[in-house]
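The primary structure of each chain is shown beneath.
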Amino acid sequence: VMEKEIIDKGLIYLLSGEMLTNQADAQAWVFWDAFSSLRAVINQRTPHDPQAKPVLMAIDEVYRLLEIKGMAKSLGGITTYFRSRKLMPMIVIQAYWQLDKLLQEQIWNLGNQVTFTLDNFNDAYKFAQQVSKYDARSEKLPALSPHSLPVFEPDRGQYLTLANWLQNLQWRQVVMRRYLNERDKEPFINFVNRTRE
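Presented here is a report on the structure given in the accompanying data block. (Residues numbered from 1 in each chain as written. Predicted model: local features only at pLDDT ≥ 70, side-chain atom pairs only at ≥ 80, totals over all residues. Heavy atoms only, no water.)

Attention now goes to unusual backbone geometry. The backbone of Lys86 shows a phi angle near 65 degrees, a positive value even though the residue is not glycine. If you trace the backbone, Lys86 turns up in the loop between helix H5 (78-82) and strand E2 (87-92). For Lys86, a relative accessible area of 27% puts it in the partly exposed group. Not every positive phi belongs to a glycine, and Arg172 is a case in point at roughly 70 degrees. (Helix = DSSP H or I, 4+ residues; strand = E, 2+ residues; numbered from the N terminus. Buried < 20%, exposed > 50% of the residue type's maximum accessible area, 1.4 Å probe, protein only.)

Attention shifts here to helix H7 (residues 121-131). Along H7, the residues classified as buried are Asp123, Ala124, Tyr125, Phe127, Ala128 and Val131. Elements in contact with the buried residues of H7: strand E3 (113-115), helix H8 (155-167) and strand E6 (174-177). Capping of H7 at its N-terminal end is provided by Asn120; its side-chain oxygen lies 2.8 Å from the backbone amide nitrogen of Asn122. (Contact = heavy atoms within 4.5 Å. Polar contact = N/O pair within 3.5 Å; in protein donor to acceptor, adjacent residues only side chain to side chain.)

Attention now goes to the pairing of E6. Here E6 shows two buried faces, one formed by Val174 and Met176 and the other by Val175 and Arg177. Sheet topology places E3 next to E6; three bridges connect them, and they run antiparallel. In the sheet register, Val114 faces E6, and the bridge partner there is Met176. Summarising the sheet, E6 and strand E7 (residues 190-192) pair through three bridges and their orientation is antiparallel. (Pairing = 2+ DSSP bridges.)

With that settled, consider the pairing of strand E1 (residues 55-60). Judged by which residues are buried, E1 turns out to be one-sided: Val55, Met57 and Ile59 face inward and are buried, whereas Leu56, Ala58 and Asp60, on the alternate face, are not. Where E1 and E2 come together, six bridges link them in parallel fashion. Residue Met57 lies in a different strand from E2, and its bridge partner there is Pro89.

The structure is reproduced here in structure tokens:
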């Protein structure tokens, strides 16, 4: 099997659909077939095998593929089934509308989340809700006197603040939520002021 040899030897398998740009169904079929073949090899692995080499699967700018319900369901299943077999997906999209409705919900469970600036406010707000936790102690205004209470920021205000900030990220600034391992995520969100050259 070609995919098994590529994995065992640590090779790169590059599948480009640029020649099928105007043939959406054919492009989707080619990528679906390649993904199915890779998944069949990964299925043969023993879960949590320390000898298994990690497999990075990058999907970049193939939103037609991500609209296919079967593909969306399979990618969403990586968290529960394929992650323990060391399949690591990297999905690059410009906006959440590029994903099937099911995958729009499942995408948050796939692992690390990385974003540059988001032009769509709804996408920015969704990212803010999913990657940050509501802080019930966050103050909007301090107490005016020792005998009064501060005004606390409600959850919507906190998410709006982060969403507006995300929409104003500068060129090459990145925000990410990372997992330390397949179960535990970092307790904070990382901000990279400038990506490396």
